[in-house]
Amino acid sequence: MTTTDHNGSPLDIEIGALQGGPANLAQFAGKAVLIVNVASKCGLTPQYNGLEKLQERYAERGFTVLGVPCNQFLGQEPGTAEEIAEFCSATYGVTFPLTEKVDVNGEGRHPLYERLVGSADAEGHTGDIRWNFEKFLIGRDGRVVARFSPQTEPESAEVVAAIEGQLG
């Protein structure tokens, strides 16, 4: 059993890309990154629209959304990598990167989420991911600077203010 360094940057973690090979999170060092566990068949799935708008609005300023497909919430991400990619592209025009499908809770929790879940949101919630579309903002320094509940819309004032605060 290996222990996880909870103090390091989530961007130091190795995770696969949705369609094979490494996602290479180190490429985002020095950028602001909004990490979101996503699902294609959830009531919150329309948040992909807002996430893509954030991507388009801020990408040139050193920002990216990183979608992390997860099937742990009522089986709402059952598809293969190809099906997920097609859905995101065809339905929402997603241009931001997506990782491989992983577990965000439980014994099989991916190390990326081991680094994230200790961070609190505005209400003080830490620990397990509550539902699809929980959001973590990684600052330019590689640290978690904000956590937002699944119901917080991507283009909400608090998310936009947090992103802009990292972009200067």
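Parameters at a glance
- Residues numbered from 1 in each chain as written.
- Predicted model: local features only at pLDDT ≥ 70, side-chain atom pairs only at ≥ 80, totals over all residues.
- Heavy atoms only, no water.
- Pairing = 2+ DSSP bridges.
- Helix = DSSP H or I, 4+ residues; strand = E, 2+ residues; numbered from the N terminus.
- Axes fitted to C-alpha atoms, helices over the stretch in contact; angles between N-to-C directions.
- Contact = heavy atoms within 4.5 Å.
- Buried < 20%, exposed > 50% of the residue type's maximum accessible area, 1.4 Å probe, protein only.
- Expected span 1.5 Å × (residues − 1).
- Core = buried A, V, L, I, M, F, W, Y, C linked by side-chain atoms within 4.5 Å.

A look at the sheet that holds strand 4 (residues 144-148)
Right, on to step 1. Strand order across the open sheet formed by four strands is 2-1-3-4, with mixed pairing between neighbours. If you trace the sheet from one side to the other, it starts and ends with strand 2 (63-69) and strand 4, each paired once. Between one strand and the next, the sheet's axes are offset by a mean angle of 20°, whatever the strand orientation.
Right, on to step 2. The strands touched by helix 1 (residues 47-58) within the sheet are strand 1 (32-38), strand 2 and strand 3 (135-138), with strand 2 carrying the most contacts at an inclination of about 150°.
Right, on to step 3. On top of the sheet, helix 4 (residues 157-167) reaches strand 1, strand 2, strand 3 and strand 4; it is set at about 170° to strand 4, its chief contact.

Thoughts on unusual backbone geometry
Right, on to step 1. Look at Asn24: it is not a glycine, yet its phi comes out positive at around 55°.
Right, on to step 2. Tracing the backbone shows Asn24 in the segment before strand 1.
Right, on to step 3. The partly exposed category is assigned to Asn24, whose relative accessible area is 42%.
Right, on to step 4. Although it is not a glycine, Phe133 adopts a positive phi angle of roughly 70°.

Brief notes about the environment of Phe63
Right, on to step 1. Relative to the helices and strands, Phe63 resides in strand 2.
Right, on to step 2. Judged by relative accessible area, Phe63 falls into the buried class, the value being 1%.
Right, on to step 3. Taking C-alpha positions, Phe63 is 5.4 Å from Lys31, a pair spaced 32 residues apart along the chain.

Here's the deal with helix 1
Right, on to step 1. In a regular helix each residue adds 1.5 Å, so 12 residues correspond to 16 Å; helix 1 covers 17 Å between its end C-alpha atoms and thus fits that length.
Right, on to step 2. Restricting attention to buried positions, one finds in helix 1 the residues Gln47, Tyr48, Gly50, Leu51, Glu52, Leu54, Gln55 and Tyr58.
Right, on to step 3. The secondary structure elements touched by the buried residues of helix 1 are strand 1, strand 2, helix 2 (81-92), strand 3 and helix 4.

Section: the environment of Ala162
Right, on to step 1. With respect to the helices, strands and loops of the structure, Ala162 is situated in helix 4.
Right, on to step 2. On a C-alpha basis, the gap between Ala162 and Asn105 in space is 25 Å, while along the polypeptide they are 57 residues apart.
Right, on to step 3. Once residues within four sequence positions are removed from consideration, Ala162 is found in contact with Leu137, Ala146 and Phe148.

Quick notes on the environment of Leu167
Right, on to step 1. Along the chain, Leu167 falls in helix 4.
Right, on to step 2. Looking at Leu167, the relative accessible area reads 11%, which means it is buried.
Right, on to step 3. Setting aside chain neighbours within four positions, we find Leu167 in contact with Ala32, Tyr58, Arg61, Gly62, Phe63 and Arg140.

Focus: the pairing of strand 3
Right, on to step 1. Judged by which residues are buried, strand 3 turns out to be covered on both faces: Lys135 and Leu137 on one side and Phe136 and Ile138 on the other are all buried.
Right, on to step 2. Bridge count for strand 1 against strand 3 is four bridges, and the pairing is antiparallel. Its bridge partner lying in strand 3, Leu34 is registered against Leu137.
Right, on to step 3. Two elements, strand 3 and strand 4, share four bridges in a ladder whose sense is antiparallel. Looking at strand 4, one finds that Phe136 is bridged to Arg147.
Right, on to step 4. Between strand 3 and strand 4, which follow one another and run antiparallel, lie five residues, and Gly142 among them has a positive phi close to 90°.

A word on the nonpolar core
Right, on to step 1. Ranked by internal contacts, the top residues of the largest apolar core, which has 30 residues, are Leu34, Tyr48, Leu54, Phe63, Leu137 and Ile163.
Right, on to step 2. For this core, the secondary structure elements donating two or more residues are strand 1, helix 1, strand 2, helix 2, strand 4 and helix 4.
Right, on to step 3. Top contributing element to this core by residue count: helix 4, with five residues.
Right, on to step 4. Ile163 has contacts with Leu54, Tyr58, Phe63 and Leu137, leaving out every residue within four places of it along the chain.
Right, on to step 5. Ranked by size, the runner-up nonpolar core spans 22 residues in total, among them Val68, Phe73, Tyr113 and Leu116.

By themselves, these observations are geometric and do not establish any function.
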